[in-house]
Every structure is written in structure tokens, then in C-alpha cells.
Amino acid sequence: MGTGETFLTETGQRILNVHRAGDCSGGNCPIHNPSEHYLADAPRHYVGDKQLMERVCEHGVHHPDPDALAHLARVHGAEWAAEIGVHTCDGCCTLPPKPPLQISTSRDRLSALAR
Ligand SMILES: [Zn+2]
Ligand SMILES: [Zn+2]
Ligand SMILES: [Zn+2]
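The rules behind the values
- Residues numbered from 1 in each chain as written.
- Chains lettered and ligands numbered in written order.
- Predicted model: local features only at pLDDT ≥ 70, side-chain atom pairs only at ≥ 80, totals over all residues.
- Helix = DSSP H or I, 4+ residues; strand = E, 2+ residues; numbered from the N terminus.
- Contact = placed C-beta atoms within 7 Å.
- Pairing = 2+ DSSP bridges.
- Axes fitted to C-alpha atoms, helices over the stretch in contact; angles between N-to-C directions.

*Asks:* Give me the environment of Leu72: which residues, what numbers.
*Replies:* Checked against the element boundaries, Leu72 lands in helix α1 (residues 66–76). As for Leu72 and Gln51, which are separated by 21 residues in sequence, their C-alpha atoms are 8.3 Å apart. Aside from chain neighbours lying at most four places away, what touches Leu72 is Gln51, Leu52, Trp80, Ala81 and Ile84.

Okay, here's the thing in C-alpha cells:
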């Protein structure tokens, strides 16, 4: 008790007793080490009764954070995570990760699209 960190989500929630960096349940963590996904830069919002970190896309739709779902699957099993992950989706969380911010030539962009 009282040993965790306090984390402030981008939606202004204060989450108490968050595990520390290094105590994540796996390689990726929505708080300490987000994986590359389309909504990795989207605001985070925590749903306490689901113990789920969500990502709010630019359209205001809440999507389960994929790293949070992976965490729930590790802790509670895949079925649990699948149930928690059910949401009204506008498709944003199924998009491929945004390319890293860098200057790319139009040729790079075309070959990325061709993939
Ligand atoms: Zn973590
Ligand atoms: Zn969206
Ligand atoms: Zn979604």
C-alpha cells in the first residue's frame, strides 16, 4: 500500500498506486512503455471498474489500449480481455501504427502504402 506511483491521464484523472516502471506485467505497458499502435499518442482514460486503460481517438471514441488488453489477458486470461475489449468502435484502433515523425520522401510513402 502506498508504494505505487500516481499517474495523471490526459483526460485529467489521477490514478493512485500505479505500478512502478520496471514492474510492468510485460514488455509493453500503456503507461511506461506503449507499443507502436495507431492510438499510441491519443489521450489515455482509465476505467476503474474494468481496470482498463482506454485511448480516446480524435473522434472522441474510447478504445481499449492494446497494451492494457494484453496486460489483462496475461493476468485474467484471453477470454476476460476479449470481453473487456468489446467496445463501440469507429475503426481507429484497428488502423496500422502511425509512421514515426520524420521527413520521408514521397517514394517512401508510396512504398509504405503498397505494403
Ligand atoms: Zn508499466
Ligand atoms: Zn476515431
Ligand atoms: Zn476501437
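*Asks:* Any chance you could break down the sheet that holds strand β4 (residues 52–56) for me, citing the residues and the numbers?
*Replies:* Two orientations exist for strands paired in a sheet by backbone hydrogen bonds: parallel and antiparallel. Taken in spatial order, the 3 strands make up an open sheet running β3-β4-β5, and their pairing is antiparallel. The sheet is open, and its two edges are formed by β3 (44–47) and β5 (62–64), each paired on a single side. The average angle at which neighbouring strand axes cross in this sheet is 40 degrees, direction not considered. Sheet topology places β4 next to β5; 3 bridges connect them, and they run antiparallel. Residue pairing across strands places Glu54 opposite Pro64, the latter belonging to β5.

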